[in-house]
Amino acid sequence: MHASCNLGIVQVGAVGAFAMSAAGALATSRAILGSGSRTAHAAFALARALRRVQKHGLGSLGGKGRERGAAVAGPSDDEVALALPWFVYERTGMKQPAPLLASPFERLRALLTEPDPPAFMIHAGDQIYYDFPLPRRAPDLEEYRRAYREAFFEDGVEREFLASCPQYMTLDDHEIVDGFARDWVPGDSVRPLEYLVPALRAYDEYVASRQTPEIACDTRNLDRHRGYAFEYGASRFFVLDTRTQRSRGERRMLDPEQMAAFLGWLVEHRERIKFVVSSVPFVAELRRRGEGEDESDDKWTGRPFRAQRDRLLEFIHAHQIGRLVFLVGDMHASYHATLRLGAPDRRVRVEELAGGPIHQLQYATRDDFFDEFHGATETCAIPFRTRLRTFHGTGGGVLRIHVRPGARPEIDWRVVRTGTPMGSTHRLRDLSGSIDLAEPS
Ligand SMILES: [Fe+2]
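Quick look at the structure, then. Predicted model only: the values in this text are computed from it and were never measured.

### A look at the overall build of the protein
Then, in step 1: On a plain count of helices and strands, the protein comes out with 10 helices and 14 strands.
Then, in step 2: By residue count, 53% of the 441 residues in the protein fall in the buried class.
Then, in step 3: If you sum the accessible surface of the protein, you get close to 19,600 Å²; carbon and sulfur atoms cover 54% of it.

Below you can see the structure in the form of structure tokens.
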């Protein structure tokens, strides 16, 4: 299994609580503004929407089930006054309430009891969202620890799933703060290291020290990347740390030590099936949305990091490293992209599968990417062509990947849904595909 981005149901619940308190404030304002006021009716509509979500799930907010206009038009003053208290009473009054949101891990946990269960799961970053719902939450060790406890342990189904199946993780920006680099964070009141020190301490405690013994010995070293390698069956895995050592000024995601380890690993396993876990897209090209600071700058194809990506591509081409698949997260979408590198007589192919989000409120669209992109590397001018082959950007989902090794290795993948997108009640088609690693480039 391969996934990323789990906005915990506890955090989404916190947003729900905010919505309820806002609705409460609106309902109270009715007393001031007089009956029939627009604010009171808005409170009524919101309370009804919340009740609908409670009864029928998030999908009931849009599509066929939606009673357009009915929620706003015509409620009596008494109904308006009672709607919110009734909702609160139903949720909390004299009974143990049912969960407002279903766990996105229910389908994943069910897979573990099937005849051919997944061997393990990869989490390519954003296991917690420290900066949600408060984007400017001050860095604090106890708060980072609380974020992990909320994310891993307060959803009972997730807790059971994490305990029943091996989990390989890396971190992305939301384990620290949105868009983090060692020389850049949003706003100017807090310096990057003020975030990194407590964030990395909590990450080491909850994640790194549990899966890689060498990192367990080296915690509190801010200058040591948290990347690692492992193997399973015929496949080799390198899990990159693209975040803790990234520097915009030095135009790098990977520090020299990690870069050297990664290049050595690529050559050592040249003939093997190789998976590289990267928290941000490596192959797929994002569109820029203007000249200023842009979300696309955060990825391998972004302006600060493109030169290091080019160096990696040139190395892959020089050593003719094949059978290479990047497993990436971050984009709140699942897709398959391919990069063809070099002239036809000396061409190599790099594949990329994006998995996730496990649970999110926003999703990427296909329009965020180029369907096809032609370019050349910076130093050696090696031509490349990128193609976004399939894309799935509605609702939560993780990738289930099956490797068929042998003389003609193939990889089958399919999206396992972990939730229905907000505003949609219709059943979406399941996406799947396969990659022939022996196919000529
Ligand atoms: Fe995310």
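Here the narrative resumes, following the displayed structure.
### Topic: unusual backbone geometry
Excluding glycine, most residues fall at negative phi; most peptide bonds, likewise, are trans.
Then, in step 1: Going from F132 to P133, the amide bond is cis rather than trans, its omega being 0°.
Then, in step 2: Locating P133 in the fold gives a position in the loop between β2 (121-124) and α5 (141-153).
Then, in step 3: At the junction of G356 and P357, the peptide bond is cis and its omega measures out at -5° in the coordinates.
Then, in step 4: Here R323, not a glycine, exhibits a phi torsion of approximately 50°, which is positive.
Then, in step 5: Residue R323 is classed as partly exposed on the basis of its relative accessible area, which comes to 27%.

### Considering the coordination of the iron ion
Then, in step 1: Each protein donor to the iron ion is listed here as C5 (SG), D126 (OD), Y129 (OH) and H332 (NE2); together their distances run 2.1 to 2.6 Å.
Then, in step 2: The site at the iron ion holds four donor atoms, and with the angles between them running 86 to 163°, its shape is irregular.
Then, in step 3: Site description for the iron ion: donor spacing in sequence, C-x120-D-x2-Y-x202-H.
Then, in step 4: Since its relative accessible area comes to 4%, Y129 is described here as buried.

### So, the nonpolar core
Then, in step 1: Among the nonpolar cores identified, the biggest contains 40 residues, and F262, L266, Y335 and F369 are the most heavily contacted of them.
Then, in step 2: Listed by contribution, the elements that provide at least two residues to this core are α9 (256-268), α10 (306-318), β7 (324-328), β8 (334-341), β9 (348-354) and β11 (383-392).
Then, in step 3: No other element matches the five residues that α9 contributes to this core.
Then, in step 4: Non-local contacts of L266, meaning those with residues more than four positions away in its chain, are made with K274, F315, I316, I321 and L324.
Then, in step 5: One finds L108, L112, V157 and L196 within the second-largest nonpolar core, a separate group that totals 37 residues.

### Overview of the sheet that holds β8
Then, in step 1: Spatially, the eight strands line up as an open sheet ordered β4-β5-β6-β7-β9-β8-β11-β10, and their pairing is mixed. Only two strands of the sheet have a single neighbouring strand rather than two, namely β4 (228-232) and β10 (372-376). The mean angle between the axes of side-by-side strands here comes to 20°, regardless of whether they run parallel or antiparallel.
Then, in step 2: Contacts from α9 reach β4, β5 (235-239), β6 (273-278) and β7 within the one sheet, and its direction differs from that of β5 by about 170°.
Then, in step 3: Sheet strands touched by α10: β7, β8, β9, β10 and β11. Its angle to β8, the strand with the most contacts, is close to 60°.

Criteria and thresholds
- Residues numbered from 1 in each chain as written.
- Predicted model: local features only at pLDDT ≥ 70, side-chain atom pairs only at ≥ 80, totals over all residues.
- Heavy atoms only, no water.
- Helix = DSSP H or I, 4+ residues; strand = E, 2+ residues; numbered from the N terminus.
- Buried < 20%, exposed > 50% of the residue type's maximum accessible area, 1.4 Å probe, protein only.
- Areas by Shrake-Rupley, 256 points an atom, 1.4 Å probe, with all protein chains shown as cover.
- Donors = N, O, S within 2.8 Å, 3.2 Å for Na, K, Ca; no water.
- Tetrahedral: all angles 85-135°; square planar, octahedral: opposite > 155°, others 65-115°.
- Core = buried A, V, L, I, M, F, W, Y, C linked by side-chain atoms within 4.5 Å.
- Contact = heavy atoms within 4.5 Å.
- Pairing = 2+ DSSP bridges.
- Axes fitted to C-alpha atoms, helices over the stretch in contact; angles between N-to-C directions.

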